[in-house]
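Structural characterization, general
Below are the chains, spelled out letter by letter.
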Amino acid sequence: MGEIRLTAMEFYAYHGCYREEQLIGNYFSVDLMMETDMEKASKSDDLNDALNYAEVYELVKGEMSIASHLLEYLCARILDKIFDCFPQLYRAEIRISKLNPPVGGPVESVSVCQRRAR
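Here's a quick rundown of the structure.

Reading guide: rules and limits
Residues numbered from 1 in each chain as written. Predicted model: local features only at pLDDT ≥ 70, side-chain atom pairs only at ≥ 80, totals over all residues. Heavy atoms only, no water. Helix = DSSP H or I, 4+ residues; strand = E, 2+ residues; numbered from the N terminus. Buried < 20%, exposed > 50% of the residue type's maximum accessible area, 1.4 Å probe, protein only. Contact = heavy atoms within 4.5 Å. Areas by Shrake-Rupley, 256 points an atom, 1.4 Å probe, with all protein chains shown as cover. Pairing = 2+ DSSP bridges. Axes fitted to C-alpha atoms, helices over the stretch in contact; angles between N-to-C directions. Core = buried A, V, L, I, M, F, W, Y, C linked by side-chain atoms within 4.5 Å. Expected span 1.5 Å × (residues − 1).

Before going further, it helps to examine the overall build of the protein chain. Within the protein chain, the secondary structure is distributed over four helices and four strands. Helices and strands appear in the protein chain in the N-to-C order β-α-β-α-α-α-β-β. On the principal axes, the C-alpha backbone points of the protein chain span a range of 50 × 20 × 20 Å. Counting over 118 residues, the protein chain shows a buried share of 38%. Excluding contacts between residues fewer than 6 apart, the proportion of contacts in the protein chain whose partners are at least 24 apart in sequence is 60%. Carbon and sulfur atoms form 51% of the exposed surface of the protein chain, whose accessible area is close to 7200 Å².

Strands in a sheet are paired, the pairing made by backbone hydrogen bonds, and the direction either parallel or antiparallel. An order of 1-2-3-4 is seen for the four strands of this open sheet, with the pairing classed as antiparallel. Of all strands in the sheet, those with a lone pairing partner are strand 1 (2-13) and strand 4 (109-117), marking the two edges. Neighbour-to-neighbour, the strand axes of this sheet turn through a mean angle of 15 degrees, independent of strand direction. Here strand 3 (residues 89-99) pairs with strand 4 via nine bridges, running antiparallel. Within strand 4, the position partnered with Ala 92 by the bridge is Arg 116. Lying on the sheet, helix 3 (residues 53-64) is in contact with strand 1, strand 2 (26-36) and strand 3; it crosses strand 1 at an angle near 35 degrees.

It is worth spelling out the nonpolar core at this point. Membership of the largest hydrophobic core comes to 27 residues, with the highest contact counts inside it found for Met 34, Val 56, Val 60, Met 64, Ile 82 and Ile 96. Elements with a contribution of two residues or more to this core: strand 1, strand 2, helix 3, helix 4 (71-85) and strand 3. Here this core gets seven residues from one element, more than from any other, and that element is helix 4.

Take Tyr 27: it is sitting in strand 2. Taking the C-alpha atoms as reference points, Tyr 27 and Pro 87, separated by 60 residues in sequence, lie 30 Å from one another. Excluding residues that lie within four positions of it along the chain, Tyr 27 makes contacts with Phe 11, Tyr 12, Ser 97, Lys 98 and Leu 99.

It is worth spelling out unusual backbone geometry at this point. Within the chain, Ala 8 stands out as a residue other than glycine whose phi angle is a positive 60 degrees. Within the secondary structure layout, Ala 8 lies in strand 1. Of the residues examined, Ala 8 reaches a relative accessible area of 40% and is grouped as partly exposed. Residues other than glycine seldom take positive phi values, yet Asp 45 does so here, at roughly 60 degrees.

The terminal C-alpha atoms of helix 4 lie 21 Å apart, and with 15 residues this matches the ideal 21 Å at 1.5 Å per residue to within 8%. Packing partners of the buried residues in helix 4 comprise strand 2, helix 3, strand 3 and strand 4.

So this is what it looks like as structure tokens:
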């Protein structure tokens, strides 16, 4: 068993409940940890035996391009998709951070984190 981490993936997207967020957009950072069996890939040195993290990135990128009101909903949607597409995935954790959120004062980011296991 091992972990694959995609850290600080950056996206400009249109997630939020406020109209301005949906029109103007904002910067987001996504961290994703995936736990998978790496034994076969460790011995074969063959990408076909591994969880292809380039494909995972493209999946996250696609989901980030679909506007959502809540980060909770977005996290769950991404987890649903990666568990559907990657049967070798045992466990995953995602953290989505909205940079400079509109909360009425200076805040670097607000984050939502969800975990799921098969």
